[in-house]
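# Chain and residue survey
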Amino acid sequence: MAGTDTVVVGAGPTGLVSAVALARRGHRVALVDNDPGPADAEHWSRRGVMQFHHPHGFRPQAVDVIRAEVPEAYDALLAHGAEPIVPPDGEPGPDGLPPRGSGLRCRRMVVERELRRAAEREPGLTRVPARADAVLADHGRAAEVRLRDGHLDADLVLVATGRTASLADDLRPPGDSTDCGLAYVSRQYRLHPGAEPGPVTSFIGAVALHAGYIVIVFQHDAGTFSTLIARPSTDRRLADLRHEAAWSAAVAAIPLLAEWTDPARAAPISPVLPGGRLHNTYRGQLDDRGRVPLPGLVFLGDSVCTTNPTAGRGVSTSLMQVEHLLALLDEGGAADTEALARAQDAWCREHIRPWFLDHLATDAAQTARWAGEDVDPARPPTSDLVVSALEADPSLMRVVGPYLAMRALPDSLAAVHPRVQEIYASGWRPPVAEGPTVDELASLVGAAVPSAPAPPPAAPATARA
Ligand SMILES: Cc1cc2nc3c(=O)[nH]c(=O)nc-3n(C[C@H](O)[C@H](O)[C@H](O)COP(=O)(O)OP(=O)(O)OC[C@H]3O[C@@H](n4cnc5c(N)ncnc54)[C@H](O)[C@@H]3O)c2cc1C
């Protein structure tokens, strides 16, 4: 496989890690992306990647691939002030570094900047600042990537163009896709020197399930953190949260956010950031007749699977795909590119698609609950209900823990369904955090932004988070 001409399209986390890893295995790599790169250490607009400045948490699955393939980027992140999330039983390694299996609290921009630096320094890797328009075939296999001005020859083409991009779309069916039912509004802050963080209730920072919406604080690197309100996407009353005045009113009224963003503790370092449409999507490698459409072409990362970002799985499911593809190539997979695509597809169906299916079920159930529906204990519980039930019966952690850590697939939760159904049948429901209901939040927004349409009458029943 050394000497292979590989074109990687897309220099997000998936493309950057793939490109560096393949260059280190002897491929001649061209990494194509139309993004101009960071303006300076703190500014990178990254048009085309809507989520770039929204909060990200990095699970161990993602971090371990970065550590294995681009270790200097990990070292640079720690030096920059990224915080490892060490598992409770984890001991530092002999090198003094956090144990494998640790997550990372860090802004996405900072992670991507270090990966990009590593790519820029990598001999055998050429960055091509261009937009790729098409993948072209010769003798029935991928042979060329066409750019706006010119082309690149290829033995292997990796398409890592993200969640909305359309490169090579004609080669595979649209895939399964549903709306997550929620929309992001977030903002980044930095703690004042010496200031203590606000209340920490989870490994990521803090989570509060409100009546009809979710609030999360993500701790990042070097005293930075993001506050997030994930609201029902269909509730237009809350779209005005993107305005500074509405955001400030909401943050002041939600106790967790009020504490974290107290001006005595922290100051904003970004504008209020609205989010675009969020969807759960899965698209395999094969065409609608189950054939490999173009041997030598492999789709990777978000171009295969995207899931509801509140669970923070996207970079992990992306880099797990990269890790698997690298293992196939290490075993000589480049010699039979048709078998390579089939093997990658089969693995993704077994190990990635279950997370997509899990989100389909949990997001539909959450949307129904946000609309006022109660939990039906007669039906097998969705995974989010199983996780919430930990609060009623902590012994469930034995089964739920490996699922939460993505060490066990969602169907592992079936083992505790009877117990969880018993809990909900007893009338127990997940506690709702102190703070405004979704209707009260909408009223606050309407009052803060006078142009906002008047809220419709309150929903018939208060939704449970
Ligand atoms: C709001 C939100 C929050 C998220 N939070 C988390 C989180 O907490 N934790 C987590 O693990 N994941 C999270 N995710 C998911 C995560 O952001 C994605 O999984 C990740 O960006 C996937 O990386 P990628 O490299 O596959 O795609 P991208 O990051 O989208 O990169 C694709 C790249 O391809 C380039 N490109 C596209 N088309 C072309 C073309 N034709 N020619 C040249 N270049 C092209 C783009 O410029 C871009 O650089 C979140 C997602 C969203 C939407």
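Residues numbered from 1 in each chain as written. Predicted model: local features only at pLDDT ≥ 70, side-chain atom pairs only at ≥ 80, totals over all residues. Heavy atoms only, no water.

## A word on the overall build of the chain
To keep it simple, the criterion reads: Segments assigned H or I by DSSP are reported as helices when at least four residues long, segments assigned E as strands when at least two residues long, and all are numbered from the N terminus. As defined in this context, the radius of gyration uses C-alpha atoms, and a globule is described by 2.2 Å times the residue total to the power 0.38. Partly exposed describes any residue whose relative accessible area lies between the buried limit of under 20% and the exposed limit of over 50%, with all areas from a 1.4 Å probe on protein chains only and scaled to the type maximum. Note on contacts: a residue pair qualifies if any of its non-hydrogen atoms lie within 4.5 Å across the two residues. Only the protein chains shown count as cover for residues, and the accessible areas themselves come from Shrake-Rupley with a 1.4 Å probe.
Helix and strand content of the chain: 13 helices and 20 strands. Over its C-alpha atoms the chain spans a radius of gyration of 23 Å, differing by no more than 12% from the 23 Å that the globule rule assigns to 465 residues. Within the chain, buried positions represent 53% of all 465 residues. Pairs at least 24 apart in sequence give 72% of the contacts found in the chain among residues at least 6 apart. Working note: accessible area of the chain is about 19,400 Å², and carbon and sulfur atoms make up 54% of it.

## Focus on the UniProt feature "domain: FAD dependent oxidoreductase" (unreviewed entry) in the chain
The line we're drawing: UniProt positions are given in the numbering used here, feature names are shortened, and annotations may be inferred rather than shown by experiment.
Taking the UniProt record as the reference, the feature "domain: FAD dependent oxidoreductase" (unreviewed entry) is found at residues 5–80. In residues 5–80, the share of helix is 41% and the share of strand is 17%. The end C-alpha atoms are 34 Å apart.

## Observations concerning the packing of aromatic side chains
This is how the line gets drawn: Only centres within 6.5 Å qualify two rings of Phe, Tyr or Trp (six-membered ring in Trp) as a pair; their planes then separate them into stacked at under 30 degrees, edge-to-face at over 60, and tilted for everything else.
A complete count under the given rule lists 6 aromatic pairs for this structure. Ring geometry for Trp355 and Tyr403: centres 5.6 Å apart, planes at 35 degrees, overall tilted. Taken as a pair, Trp355 in helix 9 (residues 353–370) and Tyr403 in helix 11 (residues 397–404) lie far apart in primary sequence, 48 residues in all. Put simply, the rings of Tyr189, Phe225 and Trp260 touch in pairs and so form one group of aromatic residues.

## A closer look at the site of the ligand
To keep things clear, this is the line we draw: Distances are taken per atom, and a residue is near a molecule or strand as soon as one of its heavy atoms is within 4 Å of it. The definition of a polar contact used here is a pair of N or O atoms within 3.5 Å, where within protein one atom must be able to donate a hydrogen and the other to accept one, and adjacent residues in sequence count solely through side-chain atom pairs. The definitions used throughout rest on a 1 Å grid laid over the protein atoms alone, on which a cavity is an enclosed set of points accommodating a 1.4 Å probe that cannot get out and a pocket is an open set flanked by protein within 12 Å on both sides along at least five of seven lines; lining residues are those having an atom within 4 Å of a point. Throughout, a molecule is located in a cavity or pocket provided that more than half of its atoms lie within 2 Å of its grid points.
Inspection of the region around the ligand gives 36 residues, with Asp33, Arg46, His56, Arg108 and Asp302 positioned closest. Between Pro13 and the ligand, the recorded distance is 3.3 Å, taken from a backbone N or O atom to an oxygen atom. Here a nitrogen atom of the ligand sits 2.9 Å away from a polar atom, N or O, in the main chain of Ala132. Taking 1,000 Å² as the accessible area of the ligand by itself, protein coverage stands at 96%. Applying the majority rule of atoms within 2 Å of the grid points places the ligand in the second largest pocket. Of all elements in the fold, only helix 1 (13–23), strand 2 (28–33) and helix 7 (314–330) reach the threshold of two or more residues within the shell around the ligand.

## Here we look at the layout of surface pockets
Put simply, the rule reads: Grid points are joined across faces, edges and corners, and a volume is the space filled by probe spheres set on the points. The classification used treats Ala, Val, Leu, Ile, Met, Phe, Trp, Tyr, Cys and Pro as nonpolar, Asp, Glu, Lys and Arg as charged, and all other residues, Gly among them, as polar.
Looking at the second largest pocket, its volume works out to about 1,000 Å³. The wall of the second largest pocket is formed by 50 residues, among which Val49, Gln51, Thr161, Gly162 and Arg163 lie closest to the centre. Broken down by secondary-structure element, the contributors of at least two residues to the lining of the second largest pocket are helix 1, strand 2 and helix 7. Each residue belonging to the lining of the second largest pocket can be placed in one class, and the counts come to 19 nonpolar, 22 polar and 9 charged.

## Focus on the sheet that holds strand 9 (residues 150–153)
Quick reminder of the rule: Two strands pair if DSSP finds at least two bridges between them. A fitted line through C-alpha atoms represents every axis, and for helices the fit uses only the stretch in contact; the resulting angles, taken between N-to-C directions, go from 0 to 180 degrees.
In spatial order, the strands read 7-8-9; together these 3 strands make up an open sheet with antiparallel pairing. Two strands in the sheet have a free side with no partner beyond their single neighbour: strand 7 (132–138) and strand 9. Here the average twist between neighbouring strands, direction ignored, is 30 degrees. Pairing of strand 8 (residues 141–147) with strand 9, which is carried by 4 bridges, proceeds in the antiparallel orientation. Its bridge partner lying in strand 9, Val145 is registered against Leu152.

## Some points on the pattern of salt bridges
Threshold: One speaks of a salt bridge when a side-chain nitrogen belonging to Lys or Arg is within 4 Å of a carboxyl oxygen belonging to Asp or Glu.
One pass over the structure, following the stated rule, counts 32 salt bridges. Close ionic contact of Glu120 with Arg116 constitutes a salt bridge, the shortest N to O distance being 3.6 Å. With Glu120 and Arg116 both in helix 4 (residues 108–121), this residue pair falls 4 residues apart, about one helical turn. On the basis of relative accessible area, Glu120 is assigned to the partly exposed category, the value being 45%. The buried category is assigned to Arg116, whose relative accessible area is 7%. Note that Asp345 and Arg349 form a salt bridge whose closest N and O atoms lie 3.0 Å from each other. Placement of the pair is Asp345 and Arg349 together in helix 8 (residues 337–351), with a separation of 4 residues, close to one helical turn. A relative accessible area of 4% places Asp345 in the buried class. A residue is classified by how much of its surface remains accessible, and Arg349, at 46% relative accessible area, is partly exposed.

## As for the sheet that holds strand 18 (residues 279–282)
One open sheet accounts for 3 strands, arranged 11-18-20; its pairing is antiparallel. Only two strands of the sheet have a single partner each, and these edge strands are strand 11 (176–179) and strand 20 (305–306). Two strands pair when backbone bridges link them, and strand 18 and strand 20 are joined in this way by 2 bridges, in the antiparallel orientation. Bridge pairing in strand 20 links Thr281 to Thr306. Packed on one face of the sheet, helix 9 meets strand 11, strand 18 and strand 20 and runs near 145 degrees to strand 18.

## Overview of the packing of helix 1 against helix 4
What counts is decided by this rule: Roughly parallel refers to an angle under 35 degrees, roughly antiparallel to one over 145, roughly perpendicular to one between 65 and 115, and oblique to any angle outside these ranges. Crossing chirality is assigned from the near helix's rotation relative to the far helix, an anticlockwise turn below a right angle marking it left-handed and a clockwise turn marking it right-handed.
Put simply, helix 1 and helix 4 touch, their axes get as near as 9 Å, and they point 25 degrees apart. As the angle between them shows, helix 1 and helix 4 are arranged roughly parallel. Between helix 1 and helix 4 lies a crossing whose hand is left-handed. Residues Pro13, Leu16, Val17 and Val20 of helix 1 pack against Arg108, Glu112, Leu115, Arg116, Ala118 and Ala119 of helix 4.

## Brief notes about the state of the cysteines
Our working definition: In what follows, a disulfide is any cysteine sulfur pair within 2.5 Å.
Applying the stated criterion across every chain yields a total of 0 disulfides. Cys305 takes part in no disulfide bond, and the closest cysteine sulfur to it belongs to Cys348, at a distance of 8.4 Å. Since its relative accessible area comes to 1%, Cys348 is described here as buried.

## A few points about the domain arrangement of the chain
Counted only if it meets this: All the domain ranges listed were derived from an automatic or database domain assignment. The term buried area denotes the loss of accessible surface (1.4 Å probe radius) that occurs when two parts are joined, taken as the sum for both partners.
Split into domains, the chain comes out as domain 1 (5–176 + 279–355) and domain 2 (182–274). Centre-to-centre separation of domain 1 and domain 2, based on C-alpha positions: 29 Å. Of the residues lining the interface, 18 residues belong to domain 1; the matching set on domain 2 comes to 20 residues. Ranking the residues of domain 1 by area buried against domain 2 places His54, Pro55 and Arg107 at the top, with a combined share of 37%. Applying the counting criterion to the domain 1 and domain 2 interface returns 2 salt bridges. One salt bridge in this structure joins Asp221 and Arg107, with 2.7 Å as the shortest N-O distance. In this assembly, domain 1 and domain 2 are joined by 11 residue pairs in polar contact (both at pLDDT 80 or more).

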